[in-house]
Amino acid sequence: MPKKKKKSALKRVKSFKKYLFFLLVLFAVALFSALLFFVFWSYVPDTEDIYVSSLNPKQGDTILIETDGQLPKVSGSFDDKTLAFFHSKDNSIWIAYLGIDADIKPGKYKLYVSVPGKVIEKEINVISSNFQGTEIAAPSLENKGYTEKVAINNIIKKDNPPLSEIIKTFTPTAYFDGPFAYPLKEVKKSGFDFGGFIKLGSFLIQHLGIDLKAPEGTEIYAINNGKVVFEKNLTNYGKTIVIDHGLGIFSLYLHMDKFDVEQGQDVKKGDVIGLSGSTGYAAGPHLHFSIRDNGSRIDPLVFIKSTQEMPSNYNLGRVKKLFLSWLNIK
Ligand SMILES: [Zn+2]
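Residues numbered from 1 in each chain as written. Predicted model: local features only at pLDDT ≥ 70, side-chain atom pairs only at ≥ 80, totals over all residues. Heavy atoms only, no water.

1. Section: the overall build of the chain
A tally of helices and strands in the chain yields 4 helices and 20 strands. What you see for the chain is a C-alpha radius of gyration of 27 Å, clearly larger than the 20 Å of a compact globule of 330 residues, by over 25%. Based on the C-alpha atoms only, the size of the chain along its principal axes is roughly 100 × 60 × 40 Å. Looking at the chain as a whole, 43% of its 330 residues qualify as buried. Long-range contacts, defined here as pairs at least 24 residues apart, represent 70% of the contacts in the chain between residues at least 6 apart. (Helix = DSSP H or I, 4+ residues; strand = E, 2+ residues; numbered from the N terminus. Rg over C-alpha atoms; globule rule 2.2 N^0.38 Å. Buried < 20%, exposed > 50% of the residue type's maximum accessible area, 1.4 Å probe, protein only. Contact = heavy atoms within 4.5 Å.)

Structure (structure tokens):
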């Protein structure tokens, strides 16, 4: 009897060893497959290729375009607009933010990126955001002196012209070298969404920014490094700040209560530029926040999120290329 018991214990140890060995083999195979997948099939850009974050953007979206930072020169265009590339902080990537205008006609467009000795072409299919189906009546503010006629007149003749002039300018260098941040500590939509149409009497005005919840006196932050290029109390937009971030990117903050920076001042990402309020045509305190990218009217929250995407790994791309050339695979 005891002999038999010993034997079965030995058997158990043996089968446990077999089991352990089997687990180890399984683990090694999984690890090897993961490595193979990472090197060969995961998206790691070729050093001569470009990375485009989306080939099917919606109106108002932002596309991220990246290429190898070691290339001496990169340029590009999309629908007659020039792409502005800048270097990532560690110089490993050239990055361009391409804003898809809210009113661009849906359909197929060509994106061209020129790197030394080669032009890379990609087809971009812009999808409709169906902004047309969203009509909301503007709040009546006749008690504040804004009849429909006065409000429309203010927007077209007084407030928009100076802002359009500012946004037309192009600073060829970037004040920033990294992702953009949000203008408030807590970001919550309230009021009009991006791209929707506001009915003001017989007029329809497209809301080309976003309304964010901000009780009177909430701190507003610069979304990235830049220069304050506009600071005025406008008739409809109220106390307004515009920051030029360089490369055609501007951020706009409307209906503010108080300015904490001066026109011409350089600001850093996260600096308090002032406090929120309800100046101008506003039914209550909130922050109307907009971004313009090379003239394109884009969803500011989508833009900020896009800039925070993980950049592609071009260093890994170089390792992959070296490995493939070593294996003699093209
Ligand atoms: Zn608004």
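Back to the text.
2. Quick look at the coordination of the zinc ion
Coordination of the zinc ion by the protein is provided by His207 (NE2), Asp211 (OD) and His288 (ND1), with metal-donor distances spanning 2.0 to 2.2 Å. Considered as a linear motif, the donors of the zinc ion on their single chain read H-x3-D-x76-H. In this pair, His207 is assigned in the loop between β11 (203–206) and β12 (210–212) and His288 in strand β19 (residues 287–293), connecting sequence segments 81 residues apart. Each member of the pair, His207 together with His288, is buried. (Donors = N, O, S within 2.8 Å, 3.2 Å for Na, K, Ca; no water.)

3. As for the layout of surface pockets
Computed from the structure, the largest pocket encloses a volume of approximately 860 Å³. In terms of lining residues, the largest pocket is bounded by 35 residues, among which Asn160, Ile205, Gln206, Tyr237 and His288 are the most central. Only α2 (148–168), β10 (197–200), β11, β16 (249–259) and β19 provide two or more residues apiece to the lining of the largest pocket. If you tally residues by element for the lining of the largest pocket, the top one is α2, at 7 residues. A per-class count over the lining of the largest pocket returns 20 nonpolar, 12 polar and 3 charged. As a volume, the second largest pocket reaches approximately 300 Å³. In terms of lining residues, the second largest pocket is bounded by 22 residues, among which Ser88, Ile93, Ile95, Met310 and Pro311 are the most central. Looking at the lining of the second largest pocket, the elements with two or more residues in it are β2 (62–68), β6 (93–99) and α4 (314–326). Per-element tally for the lining of the second largest pocket: the top contributor is β6, with 3 residues. (1 Å grid on protein atoms, 1.4 Å probe; cavity = no way out; pocket = protein on both sides within 12 Å on 5 of 7 lines; lining within 4 Å. Points joined across faces, edges and corners; volume = space filled by probe spheres on them. Nonpolar A, V, L, I, M, F, W, Y, C, P; charged D, E, K, R; others polar.)

4. Some words on unusual backbone geometry
The phi dihedral of Asp80 is positive, around 65°, even though this residue is not glycine. Positionally, Asp80 belongs in the loop between β3 (75–78) and β4 (81–82). With a phi close to 55°, Asn130 is a non-glycine residue in the positive phi region. Assignment of secondary structure puts Asn130 in the loop between β8 (118–126) and β9 (135–137).

5. Structural notes on the sheet that holds β4
Strand pairing in a sheet relies on backbone hydrogen bonds, with the paired strands running either antiparallel or parallel. On the basis of which strands lie adjacent, the open sheet formed by 4 strands has the order β4-β3-β7-β8 and antiparallel pairing. In this open sheet, the two strands that pair with only one neighbour each are β4 and β8. Bridging between strand β7 (residues 107–115) and β8 involves 9 bridges; their strand directions are antiparallel. Within β8, the position partnered with Tyr112 by the bridge is Glu121. (Pairing = 2+ DSSP bridges.)

6. Re the nonpolar core
Counting residues in each nonpolar core, the largest one holds 33 residues, and the members touching the most others are Tyr97, Tyr253, Ile273 and Phe289. Counting residues per element, the ones that place at least two in this core are β6, β12, β15 (238–246), β16, β19 and α3 (300–307). Beyond its immediate chain neighbours, meaning those up to four positions away, Ile273 contacts Ile220, Tyr221, Ala222, Ile241, Ile243, Tyr253, Met256, Lys258, Phe259, Asp260, Val261 and Val267. Within the second largest apolar cluster, 21 residues are counted, among which are Ile50, Phe85, Ile100 and Ile104. (Core = buried A, V, L, I, M, F, W, Y, C linked by side-chain atoms within 4.5 Å.)

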